[in-house]
Each structure stands twice: as structure tokens, then as C-alpha cells.
Amino acid sequence: MVLEWIFGKAVHCEEEAVAEPVEEEAVEEAEAQEEEAEEEEPAVEVKLGTTPYDPRFTTTNQARHCYTRYNEFHKCAAEKGEDAEDCKFFQKAYRSMCPSIWLEKWNEERDAGTFAGRY
Amino acid sequence: MKLFREFLCDAAEPWQLGFQDPATPVMEGIIELHHDLMFILAFILAFVMWILGRTLYHFNAERNPVPYKITHGTLIEIVWTVTPSLILILIALPSFALLYSTEEMVDPAVTLKAVGHQWYWVYEYSDYNTSDDEGLAFESYMVAEDDLEPGQLRLLEVDNRVVLPVQTHIRVIITAADVLHSWAIPSLGVKCDAIPGRLNQVSLFIKREGIFYGQCSELCGVNHGFMPIVVESVPVDDYIQWVTNKLEE
């Protein structure tokens, strides 16, 4: 519940309670419009969520977790294309796990063709 | 302002002897274990002192000119071997339970990366990144003594605090860019070394809102004492608002 929290939901609930039952359809439409308007308001919609726990990496040191997710993404990208929907998960995962300085270094190595990974 | 510092902030106080108030289940566990151990410790101390006192009182040269010639006593030897082992097991069980619970990673909703530098911390919130190099990241420096506002804590306040949601499972990834550092906050029960090339993971579940102060806890150079850590825990809505504002900046 909390994870999917978007602001304004509580307000909607109250409005729903106040609205007269006769104009249900009209109210619903108005609400839908309101929701759209509210969602558009912030330029970026922030949703809580991050790389899930991965039973492959049970140790305190998560360096391999980061590295594996980075490689998994590039494998996926090589097979299905950079923007494939299936690869989004890996991309989000490695971005959440890896420090930006590591990514910078690896991306440079990939550009230079000296990256140790296969993809 | 003094009241504010002593009641609302979770920082060390002058001449403090005990723990800071806990804000995570892990810290509550640590304090509980400490109290349990202190009970056993006090009991053993009293018992040993009693035996020692009695021995000195009753069995000295004045009272017993002729010494006893007993060299073995099977029963007493079994008792004084088995009893300490049982006490050690009694201590080990809750201790291991606590140790493993601190390692537990419960389905996290937020990942925070803390990167130690000489001599400041860099924090990255990359869950909301849209590319590899752009994202929510900032440096956190100590506020110098001359720049302190009234009520701010000397050597503990930073310019950019870490903001985290309460009642949420958080993963903290701790690493360093140059030398060893250590990310530690007493109230949250966290102390984790930041090691270049390693990504150390700890989990946090902050139970209440507040401002939690900590310091670098691994000698990292001349300004080791001047790279504090400040975590501000806020309601989830406020956290989302904060992240949104930061991303829009």
C-alpha cells in the first residue's frame, strides 16, 4: 500500500464520500480528469521501489550483485535491443546497486572496447 | 535551543555514559542484549568476589596453620567446567540471533548509496535515475564552526542531510572512493566500514521521525573527525516530495 502511494489519494477518498450517488458517472469522470491533472503536475513522478533482494547474493558485499546486474542488462540489450521492455528491470537494478563512479568507469571501458565482460 | 538539542536530536550528549535512544529494531536489540549481558556479568562478578572473599577469610595461615592436602575433586571440577559453558551458551544464543537479524535484508523499498571520500560523504539515490550519469546525488560536508547557526551541533552538523522515509525497509550500500571510512550512526545501530572496491550492504528500518547524528568511524586521514553523518527520517509522503524537488532542481 505504502509503496504505491501517490499524493492526493487520501483527498480523492474524501471527495468520493462527499459526492452524491445520483451523479456517479459525472463524478467519476471529473475524478479521472482530476487524477490526470494531478499526476501531470510534478514533472517527475516518484514511486518507491528498488532492486529486490537477490538470493544469489547473500553476503554483505554486494559488489558482485551490481556487476552481475550490469552485465545482465548488457546481455539483454545485446539480445533484445537497448530499449526492450524486458531489459528495463536489469537497468533499474544495476543503477540502484552500483555507485556512479563504477558505472562511469565501466561505460568508458565499454566504449573503448576494454571491458572485461562479454557484452 | 539546548532543550531542542537534548530532546529532539539523536546525538551524543556531554558526559554521556549510556546508549543513545534507539530508532531501529536492530539498535533496540543491541541495547537489550547489552542489558542482559550486564545482568549475567554482575551476577558472575558478585559470585566470584563472594567465593574469593570467603576463601581469603577462612583459609589463611592464621586460621588454618595446617594446609589441606586435597589435590583433586571430580565433582567440583565438573561443576566449574560445565557451569561456565552453559553460561557461554546462554550468552551465545541471543547474540547470534541478533547478529543474523542485523544481516537480514527484508524486501527493500529504497536504496541509498553512501560513498566515503576524503573527507566528506557522497550520497546517491539512484532508484529514480533515467540515465547512468545523471541522477539524485549530492555531497555532504560538515558545517564549519564559524558558520554554525544557533542550535546546530558543533562537528556534527552537515550542509546536506540524508533524507530517508520512516517505517520503510531501506538498503544502504556503503563504499569508499579513496581510503577506508566507516558509516556509523549510534541511534540506528549502524556501523559499517566503507571499503574501496566493496559494496557493503546494511538494512535499516527507522521506526520514528528524527534527526540522527553519526561520525566517520574508521581512521581515514587528517579530517577523519570532520566528516559527520546526519540522517533525517521523515514520513513517506515528505520523502517522496523531497525526492521530487531534488529531481526537479
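About the thresholds
- Residue indices follow the written sequence of each chain, beginning from 1 at its first position.
- As a convention, the first chain written is A and the first ligand written is 1, with the rest following in written order.
- In view of the model being predicted, local features appear only for residues whose pLDDT reaches at least 70, and side-chain atom pairs are presented and counted only at 80 or more, with totals across whole chains, interfaces and linings using the full set of residues.
- Derived side-chain values reflect all non-hydrogen atoms in the structure, with water molecules and hydrogen atoms excluded from consideration.
- Secondary structure elements follow DSSP: runs of H or I no shorter than four residues count as helices, runs of E no shorter than two count as strands, and numbering proceeds from the N terminus.
- A 1.4 Å probe rolled over the protein chains alone gives each residue an accessible area, and that area as a share of the maximum for its type sets the label: buried under 20%, exposed over 50%, partly exposed in between.
- The contact criterion used is simple: two residues touch if any of their non-hydrogen atoms lie within 4.5 Å.
- Note on areas: Shrake-Rupley with a 1.4 Å probe; residue coverage comes only from the protein chains shown.
- Positive: Lys, Arg. Negative: Asp, Glu. His and the chain ends are not part of the count.
- For charged residues, the charge sits on one atom: NZ in Lys, CZ in Arg, CG in Asp, CD in Glu.
- Two parts placed together each lose some accessible area under a 1.4 Å probe, and adding up what both lose gives the buried area.
- Each salt bridge in this description consists of a side-chain nitrogen of Lys or Arg and a carboxyl oxygen of Asp or Glu lying within 4 Å of one another.
- The rule for pairing is simple: two strands pair if DSSP sees at least two bridges between them.
- Geometry is summarised by axes, namely lines fitted to C-alpha atoms with helices restricted to the contacting stretch, and by angles between N-to-C directions that run from 0 to 180 degrees.
- Each patch is built from residues that are more than 30% exposed by relative accessible area and take part in no salt bridge. Like charges join if they lie within 9 Å; nonpolar side chains (Val, Leu, Ile, Met, Phe, Trp, Tyr) join within 5 Å.
- UniProt positions are given in the numbering used here, feature names are shortened, and annotations may be inferred rather than shown by experiment.
- Pairs were defined over the aromatic rings of Phe, Tyr and Trp, the Trp ring being its six-membered one, requiring ring centres within 6.5 Å. Orientation was assigned from the angle between planes: stacked under 30 degrees, edge-to-face over 60, tilted for the rest.
- What we call a nonpolar core is a set of buried Ala, Val, Leu, Ile, Met, Phe, Trp, Tyr and Cys residues that are connected through their side-chain atoms within 4.5 Å.
- Our working definition of a disulfide is a cysteine sulfur pair at a distance within 2.5 Å.

Caption draft 1: Representation of the overall build of chain B. Per the secondary structure count, chain B includes 4 helices and 11 strands. In terms of overall dimensions, chain B has a C-alpha envelope of 90 × 40 × 35 Å along the principal axes. Looking at chain B residue by residue over its 249 residues, the buried ones come to 38%. Pairs at least 24 apart in sequence give 65% of the contacts found in chain B among residues at least 6 apart. Just so you have it, chain B exposes about 14,500 Å², and 62% of that area is on carbon and sulfur atoms. Both charge centroids of chain B, one from 14 positive and one from 33 negative side chains, sit 14 Å from each other.

Caption draft 2: Quick peek at the interface of chain B and chain A. The interface is formed by 34 residues belonging to chain B together with 34 residues belonging to chain A. For the pair chain B and chain A, the summed buried surface comes to about 3,000 Å²; carbon and sulfur atoms form 58% of the total. Summed over the three residues of chain B that lose the most area to chain A, namely Asp132(B), Leu199(B) and Ile240(B), the buried surface amounts to 23% of that side. At the surface where chain B touches chain A, the tally comes to 1 salt bridge. Put simply, Arg95(A) and Asp132(B) hold a salt bridge, and the shortest N to O gap is 2.8 Å.

Caption draft 3: Representation of the sheet that holds strand 9 (residues 200-205) of chain B. All names here are of chain B. Taken in spatial order, the 5 strands of this open sheet run 4-3-2-6-9, and their pairing is mixed. Looking at which strands have only one partner, the edges of the open sheet turn out to be strand 4 (136-140) and strand 9. Across the sheet, the axes of successive neighbouring strands diverge by a mean angle of 25°, strand direction being ignored. Of the pairings in the sheet, the one linking strand 2 (residues 110-117) to strand 3 (residues 120-125) comprises 5 bridges and is antiparallel in character. Each bridged residue has a counterpart across the sheet, and for His-117 the counterpart in strand 3 is Tyr-120. Here helix 4 (residues 236-248) sits on the sheet and contacts strand 2, strand 3 and strand 4; the angle it forms with strand 4, its principal contact strand, is near 90°.

Caption draft 4: Expanded view of the pattern of salt bridges. This model, assessed by the stated rule, comprises 14 salt bridges over all chains. For Arg154(B), the salt bridge is made with Glu145(B), and the minimal N-O distance between the two is 3.7 Å. Shared partners join several salt bridges into a network, and the residues in it are Asp54(A), Arg56(A), Arg69(A) and Glu72(A).

Caption draft 5: Summary view of a nonpolar patch on the surface. Among the surface-exposed residues, Phe43(B), Ile44(B), Phe47(B), Val48(B), Trp50(B) and Ile51(B) lie close enough to one another that they form a single nonpolar patch of about 590 Å² accessible area. With respect to the element layout, Trp50(B) can be found in helix 2 (residues 25-58).

Caption draft 6: Broad picture of the UniProt feature "domain: Cytochrome oxidase subunit II transmembrane region profile" (unreviewed entry) in chain B. Residues given the UniProt feature "domain: Cytochrome oxidase subunit II transmembrane region profile" (unreviewed entry) here are residues 11-106 of chain B. Between the end C-alpha atoms of residues 11-106 of chain B there is a gap of 27 Å, over a span that is 67% helix and 0% strand.

Caption draft 7: Local environment of the packing of aromatic side chains. Residues and elements named next belong to chain A. Tallied over the entire structure, the rule returns 18 aromatic pairs over all chains. For the ring pair Phe-89 and Phe-90, a centre distance of 5.8 Å and an interplane angle of 70° mean the geometry is edge-to-face. Given a relative accessible area of 40%, Phe-89 falls into the partly exposed group. Here the aromatic cluster, defined as three or more aromatic residues joined through ring pairs, consists of Tyr-67, Tyr-70, Phe-73, Tyr-94, Trp-102, Trp-106 and Phe-115.

Caption draft 8: View of the nonpolar core. Counting 42 residues, the largest nonpolar core has Tyr123(B), Tyr125(B), Trp183(B), Ile206(B), Val231(B) and Tyr239(B) as its most contacted members. Broken down by element, the residue count for this core peaks at 5 residues, all from helix 4 of chain B. Residues in contact with Tyr125(B), not counting those within four places in the same chain, are Thr111(B), Leu112(B), Leu136(B), Phe138(B), Val162(B), Val163(B), Leu164(B), Tyr239(B) and Trp242(B). Ala84(A), Cys87(A), Cys98(A) and Trp102(A) belong to the second largest nonpolar core, which has 17 residues in total.

Caption draft 9: Region of interest: the environment of Val163(B). All names here are of chain B. Inspection of the secondary structure assignment puts Val-163 in strand 5 (residues 162-165). Separated by 100 residues in the primary sequence, Val-163 and Arg-63 place their C-alpha atoms 70 Å from one another. When near neighbours in sequence (up to four residues on either side) are disregarded, Val-163 contacts Tyr-125, Glu-232, Val-234, Tyr-239 and Trp-242.

Caption draft 10: Highlighting the state of the cysteines. Residues and elements named next belong to chain A. This structure, assessed with the given rule, holds 2 disulfides over all chains. The partner cysteine of Cys-66 in its disulfide is Cys-98, sulfur to sulfur 2.1 Å. The disulfide joining Cys-66 to Cys-98 has a torsion of about 115° about its S-S bond and is therefore right-handed. Of the two residues, Cys-66 sits in helix 3 (residues 63-80) while Cys-98 sits in the loop between helix 4 (85-97) and helix 5 (100-112), which places them 32 residues apart along the sequence. Judged by relative accessible area, Cys-66 falls into the buried class, the value being 0%. With its sulfur 2.0 Å from that of its partner, Cys-76 forms a disulfide with Cys-87.

Caption draft 11: Representation of a negative patch on the surface within the structure. A contiguous patch of negative charge on the surface is contributed by Glu104(A), Glu108(A), Asp111(A), Asp133(B) and Glu134(B). Inspection of the secondary structure puts Glu134(B) in the loop between strand 3 and strand 4. On the basis of relative accessibility, which here comes to 57%, the residue Glu134(B) falls in the exposed class.

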